[in-house]
Amino acid sequence: MKAALLGHGTIGVGVDRIVKEIPGIEIVRVLALETDEEIIGRHTFSADDILGDPEIDTVIEVMGGIHPAWEFISRAMEAGKHVVTANKAVVAAYYRELLALQKKHGVAFRCTAAVGGGIPWLVNLSREKQGDRITKIGGIMNGTTNYILSRMDLEGIAFSDALLDAQKLGYAEKDPSADIDGDDVRRKLSISASVAYDCFVDEQMIPTAGIRSVLPEDLRAAREKGCVLKLAAFSERLEAGISACVAPFFVPRERLLASVPANVNLISLTAEHAGELCFSGQGAGRYPTAKNVVLDLLDIVSGVRCFYTEAAAPAAVDNGSTPTAWYFRTVSEDFPEDLVSERSGSSAVTKPLSVLEAFRLLDELRKKDPAVFMAGILS
Ligand code: HSE
């Protein structure tokens, strides 16, 4: 395999270093904003040097962001090159277009590292579908926020200090808003649900709340209920369509999800025959994520020429069922009293509400209090 890297940041450097030890794969060109001694002689500032080079059979996109990543990936597939990416933003945004290009050109398109960092999640999700039917997926899918919440909970450090450390460790996205506002998880859930249920789950249809406004008192409130605060994603196959959401949750201490530390992710699937299967490992960071990219390259070397599903019909998202209690903290005086089951200072626990109702309430409260915090309470 003669491959080229688009991007030489946290993941790109990791991929380049791991590949050096693997016979049969050579990274011959590297697109990067600046050169350094690791890529001297292979460096280019121009994607054309890679996309127009017939000797290069595989393009590894690890630059992140939607543009120009989409343009480069689509040009690569149109030129008959295999593509591996770790970029969930571009995969979620152009899911159907990427599948269509992959099919049309008969090339491999793999993005295992895009969901769960170093965890072999998407490959196993697509494997488990064979002879079975996935009914649920979900869990902790973001290393940065799990790292922040774990350190705030265990060490009492400030949100901003924990975020800074997550950035230094290479866990966070270039713009960490995507992590703390839940958009990174929303994209990962969109891709995972689309693969799991063989359909297209539009990321815009997934209600999403993050942890930007979390305070130590929210972690304390979770502790008082025998829970740990986690940012999690859940999705279920319904008779017609699917349910899906991303939000902070109070997770009972005895549940496996509550014990997930630091940048670790724990993603699970439930299938009719297999039951529940959990996949856990480092969800972010240079070498775990780079390793997953390299495994995709090795799959291509061994003959894989596909994506994880061929189907991409749009699915309806319905979050109107399965009510649960929700925790809200807000300075707004407009909290509807008829929905309250418990109150303590500026926080309230609601009577059971569906995800749809809880997010409607969150949107209303946000108009008066942009720092409102909401978390579902799992039992
Ligand atoms: N920013 C992401 C995370 C990187 O923290 O999980 C891995 O997708």
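Residues numbered from 1 in each chain as written. Predicted model: local features only at pLDDT ≥ 70, side-chain atom pairs only at ≥ 80, totals over all residues. Heavy atoms only, no water.

Draft legend 1. Region of the structure containing the overall build of the protein. Tallying secondary structure elements over the protein gives 13 helices and 15 strands in all. Relative to the 2.2 N^0.38 estimate, which gives 21 Å for 379 residues, the radius of gyration of the protein is 21 Å and therefore close to what a compact globule would have. Taken over 379 residues, the protein has a buried fraction of 57%. Long-range pairs, those at least 24 residues apart, make up 70% of the contacts in the protein with a sequence separation of at least 6. Just so you have it, the protein exposes about 15700 Å², and 51% of that area is on carbon and sulfur atoms. Within the protein, the 52 negative side-chain charges are centred at a point lying 1 Å from the centre of the 40 positive side-chain charges. (Helix = DSSP H or I, 4+ residues; strand = E, 2+ residues; numbered from the N terminus. Rg over C-alpha atoms; globule rule 2.2 N^0.38 Å. Buried < 20%, exposed > 50% of the residue type's maximum accessible area, 1.4 Å probe, protein only. Contact = heavy atoms within 4.5 Å. Areas by Shrake-Rupley, 256 points an atom, 1.4 Å probe, with all protein chains shown as cover. Lys, Arg positive; Asp, Glu negative; His and termini not counted. Charge placed at Lys NZ, Arg CZ, Asp CG, Glu CD.)

Draft legend 2. A look at the packing of aromatic side chains. Per the stated rule, a full pass over the model turns up 13 aromatic pairs. Consider the rings of Tyr-95 and Phe-200, whose centres lie 5.8 Å apart with planes at 20 degrees: the pair is stacked. Here Tyr-95 is found in helix H5 (residues 95-105), whereas its partner Phe-200 is found in the loop between helix H10 (183-197) and helix H11 (216-224), with 105 residues between them in sequence. Note on accessibility: Tyr-95 and Phe-200 belong to one class, buried. (Phe/Tyr/Trp six-rings, centres within 6.5 Å; stacked < 30°, edge-to-face > 60°.)

Draft legend 3. Spatial organisation of the site of the ligand. What surrounds the ligand is the set Lys-88, Asn-142, Gly-143, Thr-144, Tyr-171, Ala-172, Glu-173, Asp-179, Asp-184, Lys-188, Gly-283 and Ala-284. Asn-142 has a polar side-chain atom sitting 3.4 Å from an oxygen atom of the ligand. At 2.8 Å, a backbone N or O of Tyr-171 approaches a nitrogen atom of the ligand. When isolated, the ligand has an accessible area of 250 Å², and the protein chains bury 95% of it. Counting residues per element, the ones that place at least two in the shell around the ligand are helix H7 (143-155) and H10. For the shell around the ligand, a count of residues per class yields 3 nonpolar, 4 polar and 5 charged. (Near = heavy atom within 4 Å. Polar contact = N/O pair within 3.5 Å; in protein donor to acceptor, adjacent residues only side chain to side chain. Nonpolar A, V, L, I, M, F, W, Y, C, P; charged D, E, K, R; others polar.)

Draft legend 4. Up close: the environment of Leu-6. Within the secondary structure layout, Leu-6 lies in strand E1 (residues 2-6). Here the alpha-carbon distance between Leu-6 and Ser-46, two residues 40 residues apart in the chain, equals 9.8 Å. In this structure, Leu-6 is in contact with Leu-31, Ile-50, Val-59, Ile-60, Glu-61, Val-62, Met-63 and Phe-72, ignoring residues within four places of it in sequence.

Draft legend 5. Quick look at unusual backbone geometry. Geometrically, the link from His-67 to Pro-68 is a cis peptide bond, its omega value of 5 degrees lying close to zero. Looking at the element boundaries, Pro-68 is found in the loop between strand E4 (58-61) and helix H3 (69-78). Despite not being glycine, Asp-198 shows a phi value in the positive range, around 50 degrees. Positionally, Asp-198 belongs in the loop between H10 and H11. Located in the positive-phi region is Ala-262, a residue other than glycine, with phi close to 45 degrees. When you line up the elements, Ala-262 lands in the loop between strand E9 (242-252) and strand E10 (264-271).

Draft legend 6. View of the nonpolar core. Trp-121, Leu-122, Leu-125, Ile-137, Leu-229 and Phe-250 are the most contacted members of the largest nonpolar core, which totals 81 residues. Shared between two domains, this core holds at least three residues of each, these being domain 1 (2-110) and domain 2 (122-283). Setting aside chain neighbours within four positions, we find Ile-137 in contact with Trp-121, Leu-125, Leu-189, Ser-192, Ala-193, Ala-196, Tyr-197, Ala-233, Phe-234, Ser-235, Ser-268 and Leu-269. Residues Val-251, Val-264, Leu-266 and Ala-348 belong to the second largest nonpolar core, which totals 28 residues. (Core = buried A, V, L, I, M, F, W, Y, C linked by side-chain atoms within 4.5 Å. Domains from an automatic or database assignment.)

Draft legend 7. Molecular detail of the sheet that holds E4. Strand order in the open sheet formed by 6 strands is E3-E2-E1-E4-E5-E6, and the pairing between neighbours is parallel. Since the sheet does not close on itself, it has two edges, and those belong to strand E3 (43-44) and strand E6 (109-110), each with one partner. Alignment of E4 against strand E5 (residues 82-85), held across 4 bridges, turns out to be parallel. Bridge assignment links Thr-58 to a residue of E5, and that residue is His-82. Running over the sheet, H3 touches E1, strand E2 (26-31), E4, E5 and E6 and is turned about 150 degrees from E5. (Pairing = 2+ DSSP bridges. Axes fitted to C-alpha atoms, helices over the stretch in contact; angles between N-to-C directions.)

Draft legend 8. The arrangement of the sheet that holds strand E15 (residues 373-377) in detail. Reading across the sheet, the 9 strands line up as E11-E10-E7-E8-E9-E15-E12-E14-E13 and stay open at both edges, with mixed pairing between neighbours. Each edge of the open sheet carries a strand with a single partner, namely strand E11 (275-282) and strand E13 (340-344). Strand-to-strand twist across the sheet, computed as the mean angle between neighbouring axes with direction ignored, equals 25 degrees. Bridge count between strand E7 (residues 134-140) and E10: 6 bridges; the pairing is antiparallel. The partner of Gly-138 across the bridge, within E10, is Ser-268. Lying over the sheet, helix H13 (residues 355-368) contacts E9, strand E12 (326-329), strand E14 (347-350) and E15, oriented at roughly 5 degrees with respect to E12.

Draft legend 9. Molecular detail of the domain arrangement of the protein. Segmentation of the protein into domains returns domain 1 (2-110) and domain 2 (122-283). For domain 1 versus domain 2, the separation of C-alpha centres amounts to 27 Å. Tallying the contact residues gives 10 residues for domain 1 and 14 residues for domain 2. Between domain 1 and domain 2, a total of about 940 Å² is buried, with carbon and sulfur atoms accounting for 66% of that surface. At the junction of domain 1 and domain 2, the tally comes to 2 salt bridges. Across the pair Glu-173 and Lys-88 runs a salt bridge whose closest N-O atoms are separated by 3.2 Å. For the pair domain 1 and domain 2, the number of links is 3 residue pairs in polar contact (both at pLDDT 80 or more). Contributing elements (two or more residues each) for the side of domain 1 that touches domain 2: helix H4 (88-93) and H5. No other element matches H4, which puts 5 residues into the side of domain 1 that touches domain 2. Tallied by class, residues from the side of domain 1 that touches domain 2 come to 6 nonpolar, 1 polar and 3 charged. (Buried area = accessible area lost by both parts, 1.4 Å probe. Salt bridge = Lys/Arg side-chain N within 4 Å of Asp/Glu carboxyl O.)

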